[in-house]
Amino acid sequence: MKSILPSQSRPNVRFAEVHRAFSCRRFWAIVVKEFIQMRRDRLTFMMMISMPLMQLVLFGYAINSDPRHLPTGVLLADRGPQARTLLHALRNSSYLTFVREFRTEEEARAAIARGTVQFLVHIPESFTRDLLRGQRPAVLLEVDATDPGAVGNAVSAARTLLNRAIERDLQGPLAFPPAGPDPIDLRVHALYNPEGLTRYNIVPGLMGVVLTMTMIMITGLGITRERERGTMENLLSMPARPAEVLIGKIIPYILLGYIQVGLILGAAYGLFQVPMVGSLALLLTAGLVFILAHLAIGITFSTLAKNQLQAVQMAYFFFLPSIMLSGFMFPFRGMPRWAQCIGEVLPLTHFLRIVRGILLKGNGLAAIWRELWPIAVFAAVALVIGVKRYRRTLD
Amino acid sequence: MSDDFAIDVQGMTKRFGSLTAVDHVDLAVRAGEICGFLGPNGSGKTTFIRMLCGLLRAEEGRGTCLGYDVIRASETIKQHVGYMTQRFSFWEDLSIAENLDFVARMYFVKERRRAVRETLERLGLAERRNQLAGQLSGGWKQRLALAACMIHQPKLLLLDEPTAGVDPKARREFWEEIHRLAAQGLTFLIATHYMDEAERCHRLAFILRGRLLAQGSVADVVGQARLTTWSVAGPDLLTLAARLQRDPAVEQAVAFGNLLHVSGPDAAALERALAPFHTPPYKWRQVESGLEDVFIHFMSRAEGESS
Ligand SMILES: Nc1ncnc2c1ncn2[C@@H]1O[C@H](COP(=O)(O)OP(=O)(O)OP(=O)(O)O)[C@@H](O)[C@H]1O
Ligand SMILES: [Mg+2]
């Protein structure tokens, strides 16, 4: 008779490692299993690969809107009364919101690179003098045009606003002839995206959008699937620790996330000619934090979902506000205050600023840090909740 | 506690909301014993087994499993226990070999590849090693699951209906193996609905609605039931059965081939009830109650109590 079961002659287990809090062997066993399963699930894998490509095509057309209250800074070299008039006019505009006056050129540049101001008005030293002589002084308006939809209307509004203010100021003999040219020569200088190409804004943004969607969904599904198919009972009856299971499960997903990033960057560069000014390494590092944040949400969702359908629904539940309120669909500053508050919590909002900052502005770590830490905090909180809620029993 | 007991638990209790699925169950199984775990559907067998290997948290209860605290040391217990789930719980999208390999890695099996290869050969699945587990037939899935939960040579095996859907030959082989392994000191707790399997166990535990009703050897359990059974041969047993069942002293009248088994808890009352039929052509003979009679007796007694 052939025996089905093993003989029990000698112990065949390495007991020394059994009680480790984190065993690399068990962790690796999970990683291997997950990779095999991911390879077998061709359909899902192809979806994850084609999703970024499909979205690139779909979002090729941007949605325009008319944001207001764009933060504006002023570099004031002239202290004459007419320069003050301009400042005053800026303060009263609904399109531009006067944020601060800069003392030095460097200070102003840093602010625009960080994105704390979107407009920068340079008023030259000779402004009042030239104006009074009727020489049409040049005023430079520098615009952060990474999101062209956000600035188009504001630029023309600024032009009208500044000129009307001066015209009101200069009455009587100094008045400009009504039919003549505008009293000031406003020169617009669009920074980062001089041609105002929407795709420069959309394509890098898509990276964050695609990752948000897929990373939450795939983790949520991966864990609820085990529960739904009953394999969780088997997994839990083995001596694996939660950290080994969870980290082992997300490793393949991180890799998948990077494949998506690679595809989008490739398309951005090859098909859409999006400039890549900054450091790619920095972008990939920030991307890892972002990916982890969403994997952590996926884990948390999977502890709440009873089945795979619910996991997908929860992924959408998170995805919709992310895409709507992050500044991807609509310019962030065009949204009402409450929406901005929600947006500030979402990792996607910060990641969009990071991606655009690095790719288009060439920002370094110092400049993106204030956007990176909120994502890191979000990731940490979500991970703690997810791991805490991950049950070691079937209760 | 003595080292002789592989399972020694008292007062194990599990509630799901208002339902008490397992209600203060005590169970002691010696090392090297095969304990059959019987009970109707939904009586709490699976729930009890899950508590033993730390898959469900017991609300009450204490004791040891392989000498480890059953409540606090569940992580250790898992390493030494082989648990076969009632429902096939291996990964259907992994191949047979990959499943075994995964289990072997999780338990730190030495010479893993060899252990996997040997298991495949013993199972007779060596040629189909790369087939997906999900494509196996029901009985083969069962056999794979059984082999997989033994690959790390556990000392205690908790098998939840391991032979459901397995053909008779494979089942016989399985039971011969179980006895061989038990002789080497392994302990088995086997939930089953097959009475022939129950009779092959060293001891039985009978659970009903979460409560342990009887425990001991087959003879003990049959004795505890205090059931009297008569066997009768003759013509038109079906009509006889229908007539007998009207009498409250007759609990069961079940056809076994050409015989009818009539049993009841009260020997004297049963004899009085049968007396009118002790006439030719009927041939009566008192027999030992079978395990199935006892099983049904426990169930109908419980029904009588609750209604
Ligand atoms: N997770 C759960 N949540 C709620 N009730 C449960 C859960 N698991 C089991 N039950 C209930 O507990 C009782 C015992 O179930 P259990 O699965 O232990 O029975 P069983 O003896 O294994 O039955 P079977 O012979 O059908 O396998 C049943 O009434 C069942 O409905
Ligand atoms: Mg069961």
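Only a predicted model underlies this, so the values are computations on that prediction, with no experimental measurement involved.

Colleague: Could you give an account of the overall build of chain B, with specific residues and numbers?
Modeller: Within chain B, the regular secondary structure consists of 11 helices and 14 strands. On the principal axes, the C-alpha backbone points of chain B span a range of 70 × 45 × 35 Å. The buried share of chain B, reckoned over its 307 residues, is 57%. When contacts within chain B are restricted to residue pairs at least 6 apart in sequence, long-range pairs at least 24 apart make up 69% of them. One way to put it: in chain B the 37 positive side-chain charges average out to a point 4 Å from where the 38 negative ones average out.

Colleague: Go over the interface of chain A and chain B, please, and point to the residues and values.
Modeller: Counting residues at the interface gives 46 residues for chain A, matched by 51 residues for chain B. Of the roughly 5,000 Å² buried where chain A meets chain B, counting both sides, 58% is carbon and sulfur surface. Connecting chain A to chain B are 4 salt bridges. Counting only elements with at least two residues in the side of chain A that touches chain B, the list comes to helix H1 (24–40), helix H7 (198–229) and helix H8 (231–237) of chain A. At 10 residues, H1(A) tops the list of elements feeding residues into the side of chain A that touches chain B. For the side of chain A that touches chain B, the per-class residue count stands at 19 nonpolar, 12 polar and 15 charged.

Colleague: Lay out the coordination of the magnesium ion (ligand 2) in plain terms, naming residues and giving numbers.
Modeller: Where a metal carries four tetrahedral donors, each ideal angle is 109.5 degrees; where it carries six octahedral donors, the ideal angles are 90 or 180 degrees. The protein atoms donating to the magnesium ion (ligand 2) are B:Thr46 (OG1) and B:Gln86 (OE1), with metal-donor distances spanning 1.9 to 2.2 Å. On the criterion of sequence distance, the pair formed by B:Thr46 in helix H1 (residues 45–52) and B:Gln86 in the loop between strand E6 (81–84) and helix H3 (96–106) is long-range, its members being 40 residues apart.

Colleague: Can you tell me about the site of ligand 1, naming the residues and giving the values?
Modeller: Residues and elements named next belong to chain B. Around ligand 1, the structure places 14 residues, and the nearest of them are Gly42, Lys45, Thr46, Thr47 and Gln86. Contact between ligand 1 and lysine 45: an oxygen atom at 2.7 Å from a side-chain N or O atom of the residue. One nitrogen or oxygen atom from the side chain of glutamine 86 is found 2.8 Å from an oxygen atom belonging to ligand 1. Here ligand 1 has 640 Å² of accessible area as a free molecule, and 64% of this is covered by the chains. The set of elements that each furnish at least two residues to the shell around ligand 1 consists of strand E2 (19–30) and H1. Looking at the shell around ligand 1, the element that brings in the most residues is H1, giving 3 residues. Class assignment of the residues belonging to the shell around ligand 1 gives a composition of 4 nonpolar, 8 polar and 2 charged.

Colleague: So, the packing of H1(A) against helix H9 (residues 242–270) of chain A: which residues are in play, and what are the values?
Modeller: Residues and elements named next belong to chain A. H9 packs onto H1 with a crossing angle of 40 degrees between their chain directions and a minimal axis gap of 8 Å. Put simply, H1 runs oblique to H9. Seen from above, H1 lies across H9 with right-handed handedness. Packed against H1, whose contacting residues are Arg26, Phe27, Ile30, Val31, Lys33, Glu34, Phe35 and Met38, the element H9 presents Glu244, Val245, Ile247, Gly248, Lys249, Ile251, Pro252, Tyr253 and Leu255 at the interface.

Colleague: Let's hear about a nonpolar patch on the surface: which residues, and what values?
Modeller: Residues and elements named next belong to chain A. Where nonpolar side chains cluster on the molecular surface, the patch consists of Leu365, Trp369, Trp373, Val377, Val381 and Ile385 and spans about 590 Å² of accessible area. Note that isoleucine 385 resides in helix H14 (residues 365–389). Using a relative accessible area of 40% as the deciding quantity, one classes isoleucine 385 as partly exposed.

Colleague: Which residues make up the sheet that holds E2(B), and what values go with them?
Modeller: Residues and elements named next belong to chain B. The 4 strands are arranged E2-E1-E4-E5 in an open sheet whose pairing can be described as antiparallel. The sheet is open, and its two edges are formed by E2 and strand E5 (68–69), each paired on a single side. The pairing of strand E1 (residues 5–16) with E2 spans 8 bridges and is antiparallel. Across the sheet, residue phenylalanine 5 finds its bridge partner in E2, namely arginine 30. Across the face of the sheet, H1 comes into contact with E1, E2 and strand E4 (60–65) while running at roughly 120 degrees to E1.

Colleague: Summarise the packing of aromatic side chains; cite the residues concerned and give the values.
Modeller: Within this structure, the stated rule accounts for 12 aromatic pairs over all chains. Relative to A:Phe27, the ring of A:Phe22 lies with its centre 5.5 Å away and its plane at 45 degrees, an arrangement referred to as tilted. When its relative accessible area of 17% is taken as the criterion, A:Phe27 is described as buried. Taken together, the aromatic side chains of B:Phe88, B:Phe90, B:Trp91 and B:Phe102 make up a single cluster linked through ring pairs. Against the face of A:Phe332 rests A:Arg353, its NZ or CZ located 4.7 Å from the ring centre. One cation-aromatic arrangement involves B:Arg128 over B:Trp140; the distance from NZ or CZ to the ring centre is 5.9 Å.

Colleague: Provide a residue-level description of the environment of A:Arg353, including the pertinent values.
Modeller: All names here are of chain A. You can see arginine 353 is positioned in helix H13 (residues 347–361). C-alpha of arginine 353 to C-alpha of proline 52: the two residues are 301 residues apart in sequence and 19 Å apart in space. Not counting residues up to four positions away in its chain, the partners in contact with arginine 353 are Phe332, Glu344 and Glu371. Of note is the side chain of arginine 353, whose polar atom sits 3.1 Å from the side chain of glutamate 344.

Procedures and definitions
- Residues numbered from 1 in each chain as written.
- Chains lettered and ligands numbered in written order.
- Predicted model: local features only at pLDDT ≥ 70, side-chain atom pairs only at ≥ 80, totals over all residues.
- Heavy atoms only, no water.
- Helix = DSSP H or I, 4+ residues; strand = E, 2+ residues; numbered from the N terminus.
- Buried < 20%, exposed > 50% of the residue type's maximum accessible area, 1.4 Å probe, protein only.
- Contact = heavy atoms within 4.5 Å.
- Lys, Arg positive; Asp, Glu negative; His and termini not counted.
- Charge placed at Lys NZ, Arg CZ, Asp CG, Glu CD.
- Buried area = accessible area lost by both parts, 1.4 Å probe.
- Salt bridge = Lys/Arg side-chain N within 4 Å of Asp/Glu carboxyl O.
- Nonpolar A, V, L, I, M, F, W, Y, C, P; charged D, E, K, R; others polar.
- Donors = N, O, S within 2.8 Å, 3.2 Å for Na, K, Ca; no water.
- Near = heavy atom within 4 Å.
- Polar contact = N/O pair within 3.5 Å; in protein donor to acceptor, adjacent residues only side chain to side chain.
- Areas by Shrake-Rupley, 256 points an atom, 1.4 Å probe, with all protein chains shown as cover.
- Axes fitted to C-alpha atoms, helices over the stretch in contact; angles between N-to-C directions.
- Parallel < 35°, antiparallel > 145°, perpendicular 65-115°, else oblique.
- Left-handed = near helix turned anticlockwise from the far one by under 90°.
- Patch = residues over 30% accessible without salt bridge, like charges linked within 9 Å, V, L, I, M, F, W, Y side chains within 5 Å.
- Pairing = 2+ DSSP bridges.
- Phe/Tyr/Trp six-rings, centres within 6.5 Å; stacked < 30°, edge-to-face > 60°.
- Lys NZ or Arg CZ within 6 Å of the ring centre and 35° of its normal.

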